[in-house]
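# Observations on the three-dimensional arrangement
Below are the chains, spelled out letter by letter.
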There are 2 protein chains.
Amino acid sequence: MLSAEIIAIGSELLTPERTDTNSLWLTEKLNEIGIEVKLKTVVGDDAGRLEETIKDAFARSDVVVTTGGLGPTEDDITRACAAKAVGKNLILNETLVDEIRARFQQMMREMPEINKRQAMIIEGAQVLSNPHGSAPGILFQPTGDKFLVILPGPPREMKPMFENLVLPRLREKAGEIVVKRRVLRVAGLGESAIDAQIAPIYTEYQNPQTSILFNRSEVEIWLTAKGSSEQEATSLLNEVGGKISEKLGAAVFAQNGELMEEIIAKLLTERQQTLAIAESCTGGLICERLTEIPGSSAFFIEGIAAYANAAKIRSLRVPAELIERHGAVSAEVAEAMAKNLRALAGTDFTLSVTGIAGPGGGTEEKPVGLVFIGYSDALQTTHRRLNLPGDRHLIRWRASQAALDLLRRKLLKN
Amino acid sequence: MLSAEIIAIGSELLTPERTDTNSLWLTEKLNEIGIEVKLKTVVGDDAGRLEETIKDAFARSDVVVTTGGLGPTEDDITRACAAKAVGKNLILNETLVDEIRARFQQMMREMPEINKRQAMIIEGAQVLSNPHGSAPGILFQPTGDKFLVILPGPPREMKPMFENLVLPRLREKAGEIVVKRRVLRVAGLGESAIDAQIAPIYTEYQNPQTSILFNRSEVEIWLTAKGSSEQEATSLLNEVGGKISEKLGAAVFAQNGELMEEIIAKLLTERQQTLAIAESCTGGLICERLTEIPGSSAFFIEGIAAYANAAKIRSLRVPAELIERHGAVSAEVAEAMAKNLRALAGTDFTLSVTGIAGPGGGTEEKPVGLVFIGYSDALQTTHRRLNLPGDRHLIRWRASQAALDLLRRKLLKN
């Protein structure tokens, strides 16, 4: 499998406001033909660092793609640094000068002298013509096995140049390999617990590659399979994905990277069942997540963020004495919230959340992170007690995830 | 001026779906104390490349910051590669093992054996403790002039660790130049309209530098001032920030980068006034934004996400015939939602939102993006009609922002 590195060039990409996005598109295109991106670099106008970066990348990788730094101004240094990095001279390409001059004439302007710089090409390299701008690209391929591809920064110039003039040659070289990826998402199990369970499975396979990622409160299992055909890669993903899913059981909530709220939406819509939500510490978060899904009006009826106790009493008919006796953060109140809202809203299911998200409000008996989740359907009302780690944002998010996961597991049993 | 490099570690950051954002925040913090970021690298699970990257960066830059790859699983390789890159051994720190075990015990779980890996520290380096996660960071400073800072990947762990334990030491070293930044946030005015109004002001100044950034539905004005002292930089910011704020008037809602919901929370808490929210198309988003602010229980009483018409009728007492006559997305229904909830919840203010977030549900008469915002206080009930551009996510977010901005402008008048 060929390996690639991507180098994004430009001081503006080293500010807090801007980030390189060209590399995401390039990565997708390279992955699709089975070339793996091993490293990405962002470098500014520092000639020494740029030369070193290109040199190192070209020494260790089969394909090096640079974007940016091909303009006519002083600080556009890609051409010079790339030439030095590969030990070649820059040569003025007269044909290119004429082409660039013609572009300017088309716009009724004279070519400024400095634009001649854009016609400087690495000795022995090929010109990649640029129908969308004045900076041509460069393809340097000294041995046939190594590619140095120098592209302009603006996406509307870079993308067609790469797709039309570079990708076909890389595809030829890369051969038949197809790469496919699948993401399994897991709820209710930690990273290390998952690893302990599935390492015996995935360590048996070099292909697909498995990595375990922690993403907020979810663990994701990324499988990347290579095959000589789409079918081969898919069947590898099915094999290992299937074994892992079987091992972890109901903890795997998504087989293809779906969000928890998408899974809930799908399940309820298919069954034509309805849901209402009563929230205290999550304050509307569960409703917001569900209603972000297009078509959620098919199953989502109503949510009540009963933040103050007065709201729990008024809108959810929680008896004041129940709150007084057990506290607003209690199993009893969580169940009352869920049960009463189901009766009021007339839905098939309700979920409720009450807890202490912090940073204030915790006591020794009821610390920050203590959360009760209530669930009610036609046959039962029940609750779960959780001690969630993290700050206010994470506790709220994890509580919302745990509530939706509780509903999902109930739905799977019916 | 000191130079820095940032290395983001993790295979997931080399996929087309994910990008490193930690480096943007780190760049901002480093710039603020006058340290320039010269290069950023993203590297995956390739031990050879990672070691080489750290080694090269540490050789040519004063400060090297790595993020990620400190988890307990097989493919978290930062510790080992960093140790090799600087020619040191990894040593098991027993105190750290005890701390990590204690964290697990707090969550009522046993520490998996593999988590011991997180207590391996580079010989001679200092431990950066992590109150928000199980992976401690590492600060390696062999000579006093060079910093290798190894941080965990999750922003919620990385940011406080860097800010509290690393930044003070770097500031000491960085010395004389002080760079300060101020972010003004603007609601209800577009990027070009703002630029037309304030360009005559900011073009008069080389220092501070001004840039106008578009961030979701808000425009942000970033002022960056350099001075030989904190005072000098601050007084430059005050001067230019003051002139811009005066020019734009009430459209500037935050002088120091605050979120809209923080501004609302501050205003209502100071006045000891209360708020309830009735949402349809935003489905809990406004409540969620407000309750994300610590201490929001001081002013936020209740939110009702009345998504189905039945919920508008039941929970907000909107007459069925009003919905029939004008449609659920109408000025009349928006006002009824706001007015009725204020009476029910007994708050000083209510806001309501009803609209068409799409992608489905639009008609020629009522297209996707049509949103009515209702407002009610003791003296008046009123509404605003908006046609919001964007996809479902953006329309919902912009509607929530416009609703909060309407309340803010009303509060400023009282």
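Up top is the structure.
Residues numbered from 1 in each chain as written. Chains lettered and ligands numbered in written order. Predicted model: local features only at pLDDT ≥ 70, side-chain atom pairs only at ≥ 80, totals over all residues. Heavy atoms only, no water.

### Considering the packing of helix α10 (residues 309-316) of chain A against helix α12 (residues 331-345) of chain A
Running from N to C, α10 of chain A and α12 of chain A cross one another at 35 degrees; their axes reach a closest spacing of 10 Å. Residues Lys312, Ser315 and Leu316 of chain A of α10 of chain A form the contact with α12 of chain A, whose own contacting residues are Val333, Met337, Asn340, Leu341 and Leu344 of chain A. (Axes fitted to C-alpha atoms, helices over the stretch in contact; angles between N-to-C directions. Helix = DSSP H or I, 4+ residues; strand = E, 2+ residues; numbered from the N terminus. Contact = heavy atoms within 4.5 Å.)

### Side note on helix α12 (residues 331-345) of chain B
Residues and elements named next belong to chain B. In this model, α12 (15 residues) spans 21 Å end to end at C-alpha, consistent with the 21 Å of a helix rising 1.5 Å per residue. For α12, the set of buried residues is Ala331, Val333, Ala334, Ala336, Met337, Ala338, Asn340, Leu341 and Ala345. Just beyond α12, the residue with positive phi is Gly346, at close to 70 degrees. (Expected span 1.5 Å × (residues − 1). Buried < 20%, exposed > 50% of the residue type's maximum accessible area, 1.4 Å probe, protein only.)

### What to know about helix α2 (residues 47-60) of chain A
Residues and elements named next belong to chain A. Between its first and last C-alpha atoms α2 spans 20 Å; for 14 residues at 1.5 Å apiece the expected length is 20 Å, and the two agree. Within α2 the residues assigned to the buried category are Arg49, Leu50, Thr53, Ile54, Asp56, Ala57 and Phe58. For α2, the N-terminal cap is Asp46; the gap from its side-chain oxygen to the backbone nitrogen of Gly48 is 3.2 Å. (Polar contact = N/O pair within 3.5 Å; in protein donor to acceptor, adjacent residues only side chain to side chain.)

### Re the sheet that holds strand β1 (residues 3-9) of chain B
Reading across from one edge, β6(A)-β7(A)-β8(A)-β3(A)-β1(A)-β2(A)-β2(B)-β1(B)-β3(B)-β8(B)-β7(B)-β6(B) is the order of the 12 strands in this open sheet, with mixed pairing throughout. With one partner strand each, in any of the chains shown, β6 (126-128) of chain A together with β6 (126-128) of chain B form the two edges of the open sheet. Looking at each pair of strands side by side, their axes are set apart by 15 degrees on average, direction ignored. Two elements, strand β2 (residues 36-43) of chain A and strand β2 (residues 36-43) of chain B, share 5 bridges in a ladder whose sense is antiparallel. Across the sheet, residue Leu39 of chain A finds its bridge partner in β2 of chain B, namely Val43 of chain B. (Pairing = 2+ DSSP bridges.)

### Here's the deal with the pattern of salt bridges
For the structure shown, the criterion picks out 43 salt bridges over all chains. Note that Arg409 of chain A is salt-bridged to Asp405 of chain A, the shortest N-O span being 3.0 Å. Taken together, the positions of Arg409 of chain A and Asp405 of chain A, both in helix α13 (residues 392-413) and 4 residues apart, correspond to about one turn of that helix. Two residues, Lys180 of chain B and Glu230 of chain B, come together in a salt bridge whose shortest N-O distance is 3.1 Å. Placement of Lys180 of chain B in strand β9 (residues 178-186) and of Glu230 of chain B in helix α7 (residues 230-248) is noted, with a sequence separation of 50 residues between them. A residue is classified by how much of its surface remains accessible, and Lys180 of chain B, at 25% relative accessible area, is partly exposed. In the salt-bridge network here, residues are joined through shared partners; they are Glu5, Lys38 and Arg60 of chain A together with Asp46, Arg49 and Glu52 of chain B. (Salt bridge = Lys/Arg side-chain N within 4 Å of Asp/Glu carboxyl O.)

### Details of unusual backbone geometry
Residues and elements named next belong to chain A. A cis geometry characterises the amide bond from Gly358 onward to Pro359, with omega recorded as 0 degrees. Mapped onto the secondary structure, Pro359 falls in the loop between β15 (349-355) and β16 (370-376). In this structure, Arg317 is a non-glycine residue whose phi angle is positive, near 55 degrees.

### Some remarks on the pairing of strand β14 (residues 300-306) of chain B
For a regular strand, the rule is simple: side chains alternate between the two faces of the sheet. With respect to burial, β14 of chain B is a largely interior element, 7 of its 7 residues being buried. The pairing of strand β14 (residues 300-306) of chain A with β14 of chain B spans 5 bridges and is antiparallel. Bridged to Ala306 of chain A within β14 of chain B is Glu302 of chain B. Taken together, the 5 bridges between strand β13 (residues 275-279) of chain B and β14 of chain B define a ladder with parallel strand orientation. Looking across to β14 of chain B, one finds that Leu275 of chain B is bridged to Phe300 of chain B.

### Describing the sheet that holds β16 of chain A
Read from one edge to the other, the open sheet built from 10 strands follows the order β17(A)-β16(A)-β15(A)-β13(A)-β14(A)-β14(B)-β13(B)-β15(B)-β16(B)-β17(B), with strand pairing classed as mixed. Where the open sheet ends on each side, the last strands, each with one partner, are β17 (381-387) of chain A together with β17 (381-387) of chain B. Pairs of neighbouring strands in the sheet enclose a mean axial angle of 10 degrees, with direction left out of account. The sheet strands contacting helix α13 (residues 392-413) of chain B are β13, β15 (349-355), β16 (370-376) and β17 of chain B, and the helix crosses β16 of chain B at an angle near 30 degrees.

### Here we look at the interface of chain B and chain A
In this complex, chain B contributes 73 residues to the contact, which on the side of chain A involves 75 residues. Contact between chain B and chain A buries roughly 6000 Å² in total, counting both sides, with carbon and sulfur atoms accounting for 52%. Counting the contacts that link chain B with chain A gives 14 salt bridges. Of the charged contacts in the structure, one is a salt bridge between Glu302 of chain B and Arg314 of chain A, with a shortest N-O distance of 3.2 Å. Joining chain B to chain A, the criterion identifies 47 residue pairs in polar contact (both at pLDDT 80 or more). Among the residues forming the side of chain B that touches chain A, the class breakdown is 30 nonpolar, 20 polar and 23 charged. (Buried area = accessible area lost by both parts, 1.4 Å probe. Nonpolar A, V, L, I, M, F, W, Y, C, P; charged D, E, K, R; others polar.)

### Quick look at the side chain of Thr354 of chain A
All names here are of chain A. Positionally, Thr354 belongs in strand β15. At a separation of 2.8 Å, a polar atom in the side chain of Thr354 contacts the main-chain carbonyl oxygen of Ala328. For Thr354, the residues in contact, after removing those within four places along its chain, are Ser280, Cys281, Lys312, Ala328, Val329, Ser330, Ala334, Met337, Leu370, Val371 and Phe372.

### What about the packing of aromatic side chains?
All names here are of chain A. A full pass over the atoms with the stated rule returns 8 aromatic pairs over all chains. Here Trp25 and Phe162 contribute two aromatic rings whose centre-to-centre distance is 6.0 Å and whose plane-to-plane angle is 75 degrees, an arrangement assigned as edge-to-face. Of this pair, Trp25 sits in helix α1 (residues 22-32) while Phe162 sits in helix α5 (residues 155-174), and the two are 137 residues apart along the sequence. Across the pair, Phe162 and Trp25 agree in class, each one buried. Over the ring of Phe58 we find Lys146; its NZ or CZ atom is 5.7 Å from the centre of that ring. (Phe/Tyr/Trp six-rings, centres within 6.5 Å; stacked < 30°, edge-to-face > 60°. Lys NZ or Arg CZ within 6 Å of the ring centre and 35° of its normal.)

### What to know about the environment of Thr381 of chain B
All names here are of chain B. Mapping Thr381 onto the fold places it in strand β17. Each C-alpha atom, one on Thr381 and one on Leu351, is 9.7 Å from the other, the two residues being 30 residues apart in sequence. Here Thr381 is in contact with Glu335, Lys339, Tyr375 and Ser376, once residues within four sequence places are set aside. For Thr381, the side chain forms a polar contact with the side chain of Ser376, separated by 3.0 Å.

### Description of the pairing of β17 of chain A
Residue and element names in this part refer to chain A. Both β16 and β17 contribute to a ladder of 7 bridges, which runs antiparallel. Paired with Val371 across the bridge in β17 is Leu386. Between β16 and β17, which pair antiparallel in sequence order, lie 4 residues.

### Some thoughts on the environment of Ser23 of chain A
Residues and elements named next belong to chain A. Checked against the element boundaries, Ser23 lands in helix α1. A relative accessible area of 1% places Ser23 in the buried class. Taking the C-alpha atoms as reference, Ser23 lies 7.5 Å from Ala8; in sequence the two are 15 residues apart. In contact with Ser23, not counting residues within four places along its chain, are Ile6 and Lys40. Of note is the side chain of Ser23, whose polar atom sits 2.7 Å from the side chain of Asp20.

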